[in-house]
Every structure is written in structure tokens, then in C-alpha cells.
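In case you want the letters, here they are:
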Amino acid sequence: MASYSANTKREKKVFDTEDDVAKAMAEYTFNLSKKFCKKRGYFTIVLSGGDLVLWLKKLLVPEYADTEWSKWHVFWVDERVVPLDDKDSNYKQTLDSFLSEVPIPTSNIYAIDQNCAALGDAKGAAILYEECIKRLVNQNIIRTYKSSGFPQFDLQLLGMGPDGHMASLFPGHYQIKEKASLVTYITNSPKLPPKRITFTLPVINCASYNLMAVCGEAQADAVAKVFNDDFNLPSARLSADTQAIWYLDKAAASELPKCL
């Protein structure tokens, strides 16, 4: 099973500005979309929240006009268990800033269960999201990892917090050790709102491609710890089946040793 100790080398590219990171992320996403749509007629992409959903707007330029949006299937690596129309919802943020601008079929956009979201039922939301993933595996929309049978997404676009968390896997919390479930939940997130669901580490690391995009000086210390293999930080455990790459702006990379 893929894990943070897998053989996939952690790669990085450093860009001058946040805008450069966003443009490069868009190009990377477009190229993989083209590859997988041609190869098997689907492109499964997993998003996270924060600034990343704003950076996706770089895909709306004429250069990427031939993106096959109808073949996209969109998921979230984690989600805040709040009503889907709440400003804290990753789904709403992505819908407002990106998904409303592109012709992806609504049936191909997989938000958490709206009833569980409205009730704040994190456990129920995690169970139902896992069932959704398994159903799509059975329909051959999501592939499975070679040996483990875990779902294998084509591309995940991830971000990291200043504490080194990714998705809703936080330092010192037990969810990082979950290996059986595809989706788990947390009710005491150190970052508000407290109730969330998240893909487990094995699912994250089974993806074909993982792109971690990090910008800003506030993340620089955590970035340096990651590249020093401090596995107390969940983000340091990021791997992938084919490529795990970090896109950093100069501010985020400012504390990295020159040799890295």
C-alpha cells in the first residue's frame, strides 16, 4: 500500500510569486486532464479548500478552452461539516469561485450528504462519502490502487496549513493513523469549524498524482520541516503512486536550505 515511506520521491518547484504557482497548477491540471480523458474517458480530481479554489480560475483562460469538462469527476479531500450553503463549506467556496463557471455536470460533483451537513453529523457524513467512493469504484469511474484495492484518484490538489496539516489530518490527532477506512471524521479540529470529514492517509497517497501548492511566509517553517522529513507533520507523509510534487512560492520556500 502506498504510504509516506513509499519510493515516490518528493519533488518541488519554486516560483517567484503566488500567481506563478496558480498558473503552473492550472497547466499541470490541464495536462493531466487531457491525459486521463484520452486514456480512459474520465478525469477524477480531488480538491481542497482555501486559496486553491481561487487559483483554479486560471483554468478559465482561452489557452485551456478545450478542457473536456464533461469528463471531470470532482471530489473533496476533506470537508467542513456545515450546511452546504455555509460560507465555511469547501463545496460552496468552490462552487462560487470555480464550479459555477465551468460546464461540469452536476451529477459529476460529489459534495458531502446535505442532510448530514445540515445536522452537523460528521460520522454520518464520513460513512456516506465512503459509500459514494465505493459505488464509483464499482462503476469503474474511480480506479483502484494496484495491490491494496484502495481507490486511486487521478489528481489531488492539496494545501498545507502553518502547522503542517493537510486535508483534515492534523499533527497529534489519531486520524493520521487510520488505515482501514477510506474516509474518517474529526469533531475537535484545532482549526474551526471543529467538525470535518477527511480522506485517510492511505487514500491520499494512493492517488496517481499529488500536487501540494503552498504560498506565503507563514508556511515557511512547516515547509522546511517537511523537507527535513519531520513526519510529525502530516504533510511530510505525502506520497503518490506516480508523482508527489510541491509547488512553492519564494516566500514559502524561504527557510529551505540551499541544498534542497
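Within any chain, residue numbers begin from 1 and follow the written order of that chain's sequence. For this predicted model, a pLDDT threshold of at least 70 governs which residues receive local features, and a threshold of 80 or more governs which side-chain atom pairs are given and counted, while totals over whole chains, interfaces and linings are taken from all residues. Side-chain descriptors were evaluated using all non-hydrogen atoms of the structure, hydrogens and water having been removed beforehand.

## Overview of the state of the cysteines
Here, two cysteine sulfur atoms that lie within 2.5 Å of each other are counted as a disulfide. Summed over the entire model, instances satisfying the criterion amount to zero disulfides. There is no disulfide at Cys 116, and the cysteine sulfur nearest it, in Cys 132, is 13 Å away. With no disulfide of its own, Cys 206 lies closest to Cys 132 among cysteine sulfurs, the gap being 18 Å.

## Points about the environment of Ala 125
Of note, Ala 125 is situated in helix H5 (residues 122–138). Classification of Ala 125 by relative accessible area gives buried; the value is 0%. Setting aside residues up to four positions removed in sequence, Ala 125 forms contacts with Cys 116 and Ile 197. Only DSSP runs of H or I reaching four residues or more are called helices, and only runs of E reaching two or more are called strands; each is numbered from the N terminus. Working definition: with a 1.4 Å probe on protein chains only, accessible area under 20% of the residue-type maximum means buried, over 50% means exposed, and in between means partly exposed. Contacts are assigned to residue pairs that have any heavy atoms within 4.5 Å of one another.

## Things to note about the nonpolar core
By size, the foremost hydrophobic cluster in this structure holds 87 residues, and its most contacted members are Tyr 129 and Phe 199. Tallying contributions element by element places helix H1 (residues 18–40) first for this core, with 10 residues. The contacts of Phe 199, once residues within four sequence positions are left out, are Val 46, Trp 76, Val 77, Tyr 129, Ile 133, Phe 153, Gln 156, Leu 169, Leu 182, Val 183 and Ile 204. Residues belong to one nonpolar core when they are buried, are Ala, Val, Leu, Ile, Met, Phe, Trp, Tyr or Cys, and are joined through side-chain atoms within 4.5 Å.

## Focus: unusual backbone geometry
Cis geometry is adopted by the peptide bond preceding Pro 193, which originates at Leu 192 and carries an omega value of -5 degrees. Summarising the element assignment, Pro 193 is placed in the loop between strand E8 (183–186) and strand E9 (196–199). Phi is positive for Asn 140, close to 65 degrees, though the residue is something other than glycine. For Ala 167, which is not a glycine, the phi torsion comes out positive at approximately 50 degrees. Structurally, Ala 167 is set in the loop between strand E7 (155–158) and E8.

## Side note on the confidence of the model for the chain
Interpreting fine coordinate detail is not advised for predicted regions of low pLDDT. Here pLDDT means the predictor's own confidence in every residue, given as a number from 0 to 100. Mean pLDDT over the chain stands at 94; residues scoring 70 or higher make up 96%. Under a pLDDT of 50 for its full length, residues 1–7 has, in the predicted model, 20 contacts with residues more than four places off or in other chains.

## Description of the pattern of salt bridges
If charged atoms from side chains of opposite charge come close, those side chains can pair. We define a salt bridge as a contact between a side-chain nitrogen of Lys or Arg and a carboxyl oxygen of Asp or Glu at a distance within 4 Å. Under the definition given, this model contains 11 salt bridges. Its salt-bridge partner being Lys 92, residue Asp 96 comes within 2.9 Å of it at the nearest N-O pair. Highlighted residues: Asp 96 and Lys 92, both in helix H3 (residues 90–97), separated by four residues, approximately one helical turn. For Asp 96, a relative accessible area of 45% puts it in the partly exposed group. Lys 92 gets classed as partly exposed once you look at its relative accessible area, which sits at 24%. Among the ionic contacts, a cluster of salt bridges with common partners joins Asp 19, Lys 23 and Lys 58.

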